[in-house]
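Spelled out, the chains give:
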Amino acid sequence: MKNGLLALSAFLLASTAAYAADPGVSDTEIKIGDVNIMTGPASFIGRAVSVGSKIAAAEINEAGGVNGRKITIVTEDDGYVPARSFQALTKLIEVDEIFALNGTSGTANVLAMMPLIEENNLPTVVTTAPNELVYNPVRPSVFTVGASYSDAFYAQLKYIHENSEPANAVYGLIRQDDDFGGAVEAGYDRAVKEFGVKDGLRIRFKKGTANFAAEVAQMKQAGVNVLANGGIIAGAANILGEARKLSMDLQVASVWSEDMPPSVNLSAPAGYDYLVADYVALSGPAIDAFLEKAKKYASDEEIGAINRYTYVTYVGLKALAEAMGQCGQDLTRACTVEKLRGLKDFDTQGISAPLSFDNPEQLSGTAVAVYQLNAAEKTFKALTDFADY
Amino acid sequence: MDFLLLLLASGLVSGAAYGLIAMGFALIFKSTGVVNFAQGELVMLTAYISFTLYSTFELSFFPLMLVTIPISMVIGLVLERLFIRPMLGEPIFAIVMVTVGLAVVLRGITIMIWGPDPYNFGAGIPAEVVLVGGVPFYPAQIYLIGALAVLTAAGWAFLRFSRMGIAMRAVAANETAALLVGISVSRIHAVAWMLSAAIASIAGVLFAANFKLAPDLWFQGLRSFPAVILGGMDSVIGSAVAGLVIGVIENLFQGYVGQGLREISGFIVIVIVLMVRPFGLFGSRDIERV
């Protein structure tokens, strides 16, 4: 009888590795969730994000997985609707039993998911919504990659001020009348105050505005020749198109969404070699190597969907895998969170600045590099290295 | 270059877009009594169809429209036959709800077929800036204003002189009486949808040529609705004129009064006008004898 009990205890102890682990982990697999914009007008973001996860997972799995466990990505579509993000994550947690979360959709979406993330102590790497609301107040299991729009605009305006300052510089800002626009204006505000340049005009517009003729006419009237363009995609292109019509000579700083191919295709005909600042690389050896890798793991259609969101998500999953790997065989959410919190100078192979979450905000990748579009060739060249501002 | 002139010119451009879209609304309302909430989606769908034709055959503007307009009219007819005709005799509210549902379906279909990415759609119109009286325009902007002028004149002539136009006015005035004198009301409804779709295609192509082709193009339908109200729900010509009025007022508000007032300026005007003329600037006054 005693021997029987001992044998039973030994058997139970031996099998606890699988049974005691958190959800989403088996002896052979780790399930990572991805709540994303797979349908609707913004789905080019979600498609790019999911390609980034896929390439990272394929690369990790080919190298033997995380301590022998293969990564499986489970994607749910939220259509960019915060209520659907909550539903999607509920499904991922309760039905798919994911271990951690990598794709997190937009800012409002990740905020909608926050109660579930906190309740489940879900290790979460936010790569596509580096908004202060996400990391302030800090949630113990949430780690954010990315710079602020404020820093991105400041970096560009600093570059213009120091390197290509036009004569009689008059700065102007056009931005959405929302939180995103507020962040853009914060960077602009910091720049004009710090550089002591003339603040010509600040204009706000409603999201969804297509016709910027009056706004650009106001810019022309105010003599603006350095423009902080807070428009995105078609909006940004329409602003530049109107500026071209009025023959405005402009140095232009743009939102980082303007480095994506759909945006470049829309804006390039206006002929402005505008700047962008981004926390991921847009060109150079790191991107060449990544695209070469993509050919191995992704289909032609998926490669066509690649943009900056692919790079940030790839980096996010690699960091998450690194932390999980450091936990060894006894992989738990608590351990992963602890290891993420200790991550320091994680090498992203040049896709972004090295990642370190060992700071009070658990925020990394805040360094941005400034790039310039060649409108004729629709390519970007780096003007600066990654730097914190 | 004069700032006021610039604002007036750009106001006319955006107003022409509003006016064209509003004409489509008014045409259907005039002959069927239904507010077609899918008009913006019709503008978007026909613009995307035109974009495909342009990408495939590389047509210049006028040949492109010669192909786009008939296709759009067929689409208008099919939508009327499939969704509106079966609702004949049902309460107006039910028919309006069908158009709301149709709008959502058309939005979904458009994204399913053409995807979410926005496109440059030149529509075969040159992109070099031209000066008119010293004011710069893109040719597509001039086409937009020109199209509104031509369609307004054509619409007036059609409703005033053609048999179909007069029949349409008769149906609008009194559907039962029109039936009694042998007018086919169902045919009038179909023609209204076809013509409305034709106008939508012109509006859609020219809007996209000026402001990019994107899946949120349908939203311009809602943005044009104030022009319909201001012009008078049942006045096709009034809607066109009201579009211009709203476009110019919006731009002047933006340029002179202050930020963020562009969106509300049109509505301020509407509220004031409707308080004085509840049936709009050019709408028919409802008279009931008790």
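Provided above is the structure to which this section pertains.
Worth saying up front: this structure is predicted, and the values here are computed from it rather than measured. (Residues numbered from 1 in each chain as written. Chains lettered and ligands numbered in written order. Predicted model: local features only at pLDDT ≥ 70, side-chain atom pairs only at ≥ 80, totals over all residues. Heavy atoms only, no water.)

Caption draft 1: Structural view of the overall build of chain A. Along the backbone of chain A there are 14 helices and 13 strands. Since a compact globule built from 389 residues should have a radius of gyration of about 21 Å, the 23 Å found for chain A is in line with a globular shape. Projecting the C-alpha coordinates of chain A onto the three principal axes gives extents of approximately 95 × 40 × 35 Å. Burial analysis of chain A (389 residues in total) assigns 57% to the buried set. Nonlocal contacts in chain A, meaning residues at least 24 apart in sequence, comprise 69% of its contacts between residues at least 6 apart. Surface exposure of chain A reaches about 15000 Å², of which carbon and sulfur atoms provide 52%. Here chain A contributes 32 positive and 47 negative side-chain charges, whose respective centroids are spaced 1 Å apart. (Helix = DSSP H or I, 4+ residues; strand = E, 2+ residues; numbered from the N terminus. Rg over C-alpha atoms; globule rule 2.2 N^0.38 Å. Buried < 20%, exposed > 50% of the residue type's maximum accessible area, 1.4 Å probe, protein only. Contact = heavy atoms within 4.5 Å. Areas by Shrake-Rupley, 256 points an atom, 1.4 Å probe, with all protein chains shown as cover. Lys, Arg positive; Asp, Glu negative; His and termini not counted. Charge placed at Lys NZ, Arg CZ, Asp CG, Glu CD.)

Caption draft 2: Expanded view of the packing of helix α2 (residues 43-62) of chain A against helix α13 (residues 308-326) of chain A. All names here are of chain A. For the pair α2 and α13, the least separation of the axes is 7 Å and the interaxial angle reads 40 degrees. Taken as axis vectors, α2 and α13 run oblique relative to one another. The hand of the α2/α13 crossing is right-handed. Within the contact between the two elements, α2 uses Ile45, Ala48, Val49, Val51, Gly52, Ser53, Ile55, Ala56, Ala57, Glu59 and Ile60 and α13 uses Tyr309, Thr310, Thr313, Tyr314, Leu317, Lys318 and Ala321. Of the residues belonging to the contact of α2 with α13, the class tally is 12 nonpolar, four polar and two charged. (Axes fitted to C-alpha atoms, helices over the stretch in contact; angles between N-to-C directions. Parallel < 35°, antiparallel > 145°, perpendicular 65-115°, else oblique. Left-handed = near helix turned anticlockwise from the far one by under 90°. Nonpolar A, V, L, I, M, F, W, Y, C, P; charged D, E, K, R; others polar.)

Caption draft 3: Molecular detail of empty space enclosed by the protein. Taken as a whole, this structure holds four cavities of 30 Å³ or more when the rule is applied. Along the walls of the largest cavity sit Thr209, Ala210 and Asn211 of chain A together with Ser14, Ala17, Tyr18, Phe207, Phe211, Gln220, Arg223, Glu250 and Arg262 of chain B, which together make up its complete lining. Looking at the lining of the largest cavity, the elements with two or more residues in it are α1 (3-32), α8 (185-211) and α9 (219-231) of chain B. For the lining of the largest cavity, the element with the highest residue contribution is α1 of chain B, accounting for three residues. Residue classes in the lining of the largest cavity are distributed as five nonpolar, four polar and three charged. (1 Å grid on protein atoms, 1.4 Å probe; cavity = no way out; pocket = protein on both sides within 12 Å on 5 of 7 lines; lining within 4 Å. Points joined across faces, edges and corners; volume = space filled by probe spheres on them.)

Caption draft 4: Representation of the state of the cysteines within the structure. Residue and element names in this part refer to chain A. Inspection of the entire model under this criterion finds one disulfide over all chains. The side chain of Cys327 participates in a disulfide bridge whose partner is Cys335; the two sulfur atoms lie 2.0 Å from each other. The disulfide joining Cys327 to Cys335 has a torsion of about -110 degrees about its S-S bond and is therefore left-handed. We note that Cys327, like Cys335, is buried. (Disulfide = S-S within 2.5 Å.)

Caption draft 5: Seen up close, the pairing of strand β10 (residues 275-278) of chain A. Residue and element names in this part refer to chain A. The alternating pattern of β10 places Leu275 and Ala277 and Val276 and Asp278 on opposite faces, both of which are buried. Of the pairings in the sheet, the one linking strand β9 (residues 251-254) to β10 comprises two bridges and is parallel in character. In the strand pairing of β10, Ser254 is matched with Val276. The parallel pair β9 and β10, bridged by helix α10 (residues 261-267), forms a crossover whose chirality is right-handed. (Pairing = 2+ DSSP bridges. Right-handed = clockwise from strand over helix to strand, strands pointing away.)

Caption draft 6: Layout of the interface of chain B and chain A. With 31 residues of chain B at the interface, the matching set in chain A holds 32 residues. Here chain B and chain A share an interface that buries about 2600 Å² over both sides, 56% of which is from carbon and sulfur atoms. Linking chain B with chain A are two salt bridges, by the criterion used here. As a salt-bridge pair, Glu215 of chain A and Arg262 of chain B come within 2.4 Å of each other at their nearest N and O atoms. At the junction of chain B and chain A, the tally comes to 13 residue pairs in polar contact (both at pLDDT 80 or more). For the side of chain B that touches chain A, the secondary structure elements donating two or more residues are α1, β2 (135-137), α8, α9, α10 (236-257) and α11 (262-276) of chain B. In terms of residue count, the dominant contributor to the side of chain B that touches chain A is α1 of chain B (five residues). Residue classes in the side of chain B that touches chain A are distributed as 15 nonpolar, 11 polar and five charged. (Buried area = accessible area lost by both parts, 1.4 Å probe. Salt bridge = Lys/Arg side-chain N within 4 Å of Asp/Glu carboxyl O. Polar contact = N/O pair within 3.5 Å; in protein donor to acceptor, adjacent residues only side chain to side chain.)

Caption draft 7: Spotlight on the sheet that holds strand β13 (residues 379-382) of chain A. Residues and elements named next belong to chain A. Ordered by their spatial adjacency, seven strands build an open sheet running β7-β6-β8-β9-β10-β12-β13, and the pairing between neighbours is mixed. The sheet is open, and its two edges are formed by β7 (198-205) and β13, each paired on a single side. Ignoring which end each strand starts from, the neighbouring axes of this sheet average 25 degrees apart. As paired strands, strand β6 (residues 170-176) and β7 are joined by seven bridges and run parallel to one another. Bridge pairing in β7 places Arg175 opposite Arg204. Across the face of the sheet, helix α9 (residues 234-245) comes into contact with β6, β8 (226-229) and β9 while running at roughly 160 degrees to β8.

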